[in-house]
Amino acid sequence: MTVSRISLALALLMAAGAPAWEPAWAQGQPLRLFPLPGETSPPSPPSSSPATPGAPRAPEPAPGALPSPNALPGGAALPDRTIQGDPLLRLPPGMRAPLPAAVSANELAAPTVDSVGTLDPARGGLGYAMWNGTTRGRIVRLLDGLPTLPGSHAMRNLQRRLLLSSASVPPSTAGVAEAERAPILTRRADRLMRMGAIGGLSELLRLVPRNAGGEALDRLQVETLILSGDTNAACTLAGDVGGDYSEIFWRKAQVACDALAQESSRVDFGMTLLRELNAPEDQPFNRLVEAALGNNVVLDSLPQPTPLHLALLRAANMPLPADAVAGAAPGLLNAIAIADYAPYETRLAAAERGVALGVAAPGVLSELYNQAPATPAELANAVRDLEVKPSPKARAVLYRRISVESDPVKKAELIATALRFAARDDVYDHAVRVLDDVIEQLQPTADLTWFAPEAARALYAVGDVEGARPWLVALRDRGPVNPDARNAWLRLWPLARLAGDHQATIWEQSALAAWSALITAEAPQEAERRIAVMHALLNAVGEPVEPTDFLLLPSAAAAAAPAPASASSVTFGLESAAAAERTGETAALALIATGEQPLDGLDATVLNRTIRALRQVGLDKEGRRLALEAAIAHGF
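Quick look at the structure, then. These numbers were taken from a predicted model, which means no experiment stands behind them.

What counts as what
- Residues numbered from 1 in each chain as written.
- Predicted model: local features only at pLDDT ≥ 70, side-chain atom pairs only at ≥ 80, totals over all residues.
- Heavy atoms only, no water.
- Helix = DSSP H or I, 4+ residues; strand = E, 2+ residues; numbered from the N terminus.
- Buried < 20%, exposed > 50% of the residue type's maximum accessible area, 1.4 Å probe, protein only.
- Contact = heavy atoms within 4.5 Å.
- Areas by Shrake-Rupley, 256 points an atom, 1.4 Å probe, with all protein chains shown as cover.
- Disulfide = S-S within 2.5 Å.
- Salt bridge = Lys/Arg side-chain N within 4 Å of Asp/Glu carboxyl O.
- Expected span 1.5 Å × (residues − 1).
- Phe/Tyr/Trp six-rings, centres within 6.5 Å; stacked < 30°, edge-to-face > 60°.
- 1 Å grid on protein atoms, 1.4 Å probe; cavity = no way out; pocket = protein on both sides within 12 Å on 5 of 7 lines; lining within 4 Å.
- Points joined across faces, edges and corners; volume = space filled by probe spheres on them.
- Nonpolar A, V, L, I, M, F, W, Y, C, P; charged D, E, K, R; others polar.
- Axes fitted to C-alpha atoms, helices over the stretch in contact; angles between N-to-C directions.
- Parallel < 35°, antiparallel > 145°, perpendicular 65-115°, else oblique.
- Left-handed = near helix turned anticlockwise from the far one by under 90°.

### Describing the overall build of the protein
Part 1 of the reasoning: Per the secondary structure count, the protein includes 31 helices and zero strands.
Part 2 of the reasoning: Looking at the protein residue by residue over its 636 residues, the buried ones come to 45%.
Part 3 of the reasoning: When contacts within the protein are restricted to residue pairs at least 6 apart in sequence, long-range pairs at least 24 apart make up 66% of them.
Part 4 of the reasoning: When the accessible surface of the protein is summed, it comes to about 31700 Å², and 55% of that surface belongs to carbon and sulfur atoms.

### Overview of the state of the cysteines
Part 1 of the reasoning: Within the structure shown, the criterion is met by one disulfide.
Part 2 of the reasoning: The side chain of C235 participates in a disulfide bridge whose partner is C257; the two sulfur atoms lie 2.1 Å from each other. For the disulfide bridge between C235 and C257, the dihedral angle about the S-S bond is near -90°, and by the sign convention the bridge is left-handed. With a gap of 22 residues between them, C235 in helix α8 (residues 231–241) and C257 in helix α9 (residues 248–260) connect regions that are remote in the sequence. Accessibility classification places C235 together with C257 in one group, the buried group.

### Focus: the pattern of salt bridges
Pairs may arise between side chains of opposite charge once their charged atoms sit close together.
Part 1 of the reasoning: Per the counting criterion, the structure on display carries 25 salt bridges.
Part 2 of the reasoning: Note that R491 is salt-bridged to E522, the shortest N-O span being 2.5 Å. Here R491 is found in helix α24 (residues 483–499), whereas its partner E522 is found in helix α25 (residues 509–522), with 31 residues between them in sequence.
Part 3 of the reasoning: The closest approach of N and O atoms between E575 and R609, which form a salt bridge, is 3.4 Å. Taken as a pair, E575 in helix α28 (residues 565–579) and R609 in helix α30 (residues 604–616) lie far apart in primary sequence, 34 residues in all.
Part 4 of the reasoning: By relative accessible area, E575 is classed as partly exposed at 35%.

### Side note on α9
An α-helix turns once every 3.6 residues. As a result, residues three or four positions apart point the same way.
Part 1 of the reasoning: For α9, spanning 13 residues, the distance from its first C-alpha to its last is 19 Å, which sits close to the expected 18 Å at 1.5 Å a residue.
Part 2 of the reasoning: Within α9, ten of the 13 residues are buried, which leaves it mostly tucked inside the rest of the structure.
Part 3 of the reasoning: Along α9, the residues that are buried comprise F249, W250, R251, K252, A253, V255, A256, C257, D258 and A259.
Part 4 of the reasoning: Structurally, α9 contributes buried residues whose contacts are with α7 (215–227), α8, α10 (264–276), α11 (283–292) and α12 (307–316).
Part 5 of the reasoning: Positive backbone phi, at 60°, marks Q262, one or two positions downstream of α9.

### A few points about the environment of A633
Part 1 of the reasoning: For A633, the location among the structural elements is in helix α31 (residues 620–633).
Part 2 of the reasoning: In contact with A633, other than residues within four places in its own chain, are L599 and D600.

### Section: unusual backbone geometry
For residues besides glycine, phi is generally negative; the peptide bonds are generally trans as well.
Part 1 of the reasoning: In the Ramachandran plot, Q262 falls in the positive-phi region, its phi being about 60° despite a non-glycine side chain.
Part 2 of the reasoning: The topology assignment puts Q262 in the loop between α9 and α10.
Part 3 of the reasoning: The exposure class of Q262 is partly exposed, given its relative accessible area of 45%.

### Here we look at the packing of aromatic side chains
Part 1 of the reasoning: Going through the model one piece at a time under the given rule, you end up with seven aromatic pairs.
Part 2 of the reasoning: Arranged with centres 5.2 Å apart and planes meeting at 40°, the rings of Y245 and W250 form a pair that is tilted.
Part 3 of the reasoning: A relative accessible area of 17% means that Y245 is categorised as buried.
Part 4 of the reasoning: Ring centres of F249 and W250 lie 5.1 Å apart, and the angle between their planes is 80°; on these two criteria the pair is classed as edge-to-face.
Part 5 of the reasoning: With a relative accessible area of 2%, W250 lands in the buried category.
Part 6 of the reasoning: An aromatic cluster is defined as three or more aromatic residues linked by ring pairs; in this entry it consists of Y245, F249 and W250.

### As for the environment of H430
Part 1 of the reasoning: Here H430 lies in helix α21 (residues 428–439).
Part 2 of the reasoning: Distance in space between the C-alpha atoms of H430 and G354 is 8.9 Å, their sequence separation being 76 residues.
Part 3 of the reasoning: Setting aside its immediate chain neighbours within four residues, H430 contacts E352, V355, A356, L365, Y369 and R395.

### Examining the layout of surface pockets
Part 1 of the reasoning: Quantified by volume, the second largest pocket comes out at close to 750 Å³.
Part 2 of the reasoning: As for the second largest pocket, its lining consists of 31 residues, and the residues nearest its centre are D426, Y428, D429, P598 and A633.
Part 3 of the reasoning: Going through the elements one at a time, α3 (153–164), α15 (344–357), α20 (408–424), α21, α22 (452–461) and α31 are the ones with two or more residues in the lining of the second largest pocket.
Part 4 of the reasoning: In terms of residue count, the dominant contributor to the lining of the second largest pocket is α21 (five residues).
Part 5 of the reasoning: Per-class residue counts for the lining of the second largest pocket are 15 nonpolar, six polar and ten charged.

### Digging into the packing of α21 against α22
Part 1 of the reasoning: Between α21 and α22, the shortest axis-to-axis distance is 9 Å and the interhelical angle comes to 115°. Comparing the axis directions of α21 and α22 gives the class roughly perpendicular. In terms of crossing hand, the pair formed by α21 and α22 is left-handed. For the pair α21 and α22, the contacting residues are Y428, V432, R433, D436 and I439 in the first and A455, R457, A458, L459 and A461 in the second.
Part 2 of the reasoning: For the contact of α21 with α22, the class distribution of residues is seven nonpolar, no polar and three charged.

The structure is reproduced here in structure tokens:
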């Protein structure tokens with residue numbers, strides 16, 4: 001600016017009777033005569049006490065708290081960028097202070113009910129910004145494409161965390177398809193119910209404000225309350241909101257609650273209403289309503305049980321039909337397993353299936369195993385009985401026999417037998433989750449060297465890398481003088497590398513070559529395919545195995561059914577999302593890519609790309625867990 005311009009401005013101010021004042025430049029501060037666009041008055045002088053390095057910052061929101069709308073990190077409000085006053089009143093170009101350069105930012109959306117979650121990063125959540133960079137429409141499509149029940153424990157756990165994470169999502173806007181405007185929270189809750197994550201779903205629904213979710217969430221709330229054993233709260237909620245909805249479920253829920261309250265006249269009215277509404281026939285429901293009112297009823301079949309059926313069964317103290325377990329949705333299995341009104345064999349079958357699907361805790365199954373009725377003769381003949389006639393009851397009796405055995409060698413022999421039969425009967429996956437506690441009671445002594453391969457493999461199967469390490473080290477130390485220990489070490493070495501156990505193992509090409517030679521000698525016809533699968537998994541976790549080592553092998557394509565075109569497009573999208581560090585999108589596409597089929601039915605290339613993508617967005621533990629489960633599923 002020029003001196004003449006400044007002098008003219010000062011003269012005008014003094015002529016207008018401005019009070020005496022000390023020039024700002026005498027204090028070392030620049031003078032601003034007019035507000036900048038966006039300001040209503042000249043800024044106040046800066047504080048004479050600059051912030052001291054290390055001084056306390058403004059308090060941050062509590063963990064899990066959502067930032068207020070229009071807020072920057074730290075709680076500062078966004079400035080109002082509206083120009084106040086006459087837009088023609090502006091400084092001449094020479095007197096304008098330079099405005100800050102434009103900043104491009106991917107701003108998180110203001111929180112809505114769709115952002116609610118029970119998991120922050122400290123509790124296993126994938127991060128509040130996990131959907132950053134993903135449009136709302138794509139989030140909706142990804143959630144709709146998730147498998148009902150992923151085919152591995154690692155992926156089921158990842159899907160549960162994805163659906164329970166507190167995360168910002170783009171708001172619904174006008175001009176988009178109706179399906180994309182539907183609440184994302186409702187989709188998340190529905191997926192949690194379908195996969196049987198009842199505990200997590202119950203916690204999530206408790207965070208949702210009343211009247212914020214609509215009919216779908218209200219129904220899920222009623223059903224989760226029933227499955228959690230709180231029938232009174234379920235009936236209270238059904239009575240409060242059921243009148244607002246027209247679906248048949250609400251009329252049946254009211255009838256069931258009236259039957260539980262012994263309101264026979266209201267039950268008669270409700271049943272009449274159901275007939276007039278042409279409700280689908282549900283003979284088990286009708287009979288159970290009669291039983292809840294105290295009438296003698298026989299129910300010998302329940303092929304598709306529902307939460308309402310279970311509530312009425314509990315009230316009537318009727319035995320659950322045996323066919324209920326096979327047709328039960330995953331979310332009902334744990335409720336059946338702990339139901340004191342169900343026969344022991346039915347509870348046992350539900351617990352075994354529930355543990356295999358990851359919806360029931362292994363402790364529920366081990367407790368039922370220990371309750372197995374057995375005579376001393378049956379305990380003594382447990383191994384023979386399981387060999388001749390495998391059944392949940394026979395497995396339970398053998399578990400009891402293992403539990404009471406005090407001699408370590410005999411206990412190890414019984415465990416090894418149980419695991420062998422479990423693999424034969426295709427129940428190894430849940431057997432190891434019950435037996436891992438008894439395996440950990442044993443120590444890798446010299447007289448249990450023969451048991452070390454079984455113990456280490458079982459512990460790797462449940463992800464217990466720390467527990468497997470002593471058995472692996474025992475084989476390593478005895479290998480130089482014991483050929484069987486050496487071969488067992490070689491078989492387990494790739495599993496340890498997949499698990500990331502770098503304390504007991506190191507990477508050596510010679511070890512990989514020796515392992516490949518051992519696999520080839522044991523099963524020449526299957527060797528090339530099996531080696532290709534393992535190479536794909538090792539490459540995925542970052543080991544120095546070149547892709548050509550598994551992509552160009554003639555039998556690599558036979559490692560599983562060829563990936564369909566849709567799977568190829570999913571893995572392409574997966575790699576793109578991972579490269580852009582879109583965590584939520586990467587996790588969802590990984591779940592869609594692996595789907596519901598068992599891991600030994602997946603193409604090795606799909607597994608490789610899925611694991612690599614997970615690790616690329618910081619989910620290294622999840623990727624390694626998937627690789628380890630895939631190796632176990634392939635028989636390694």
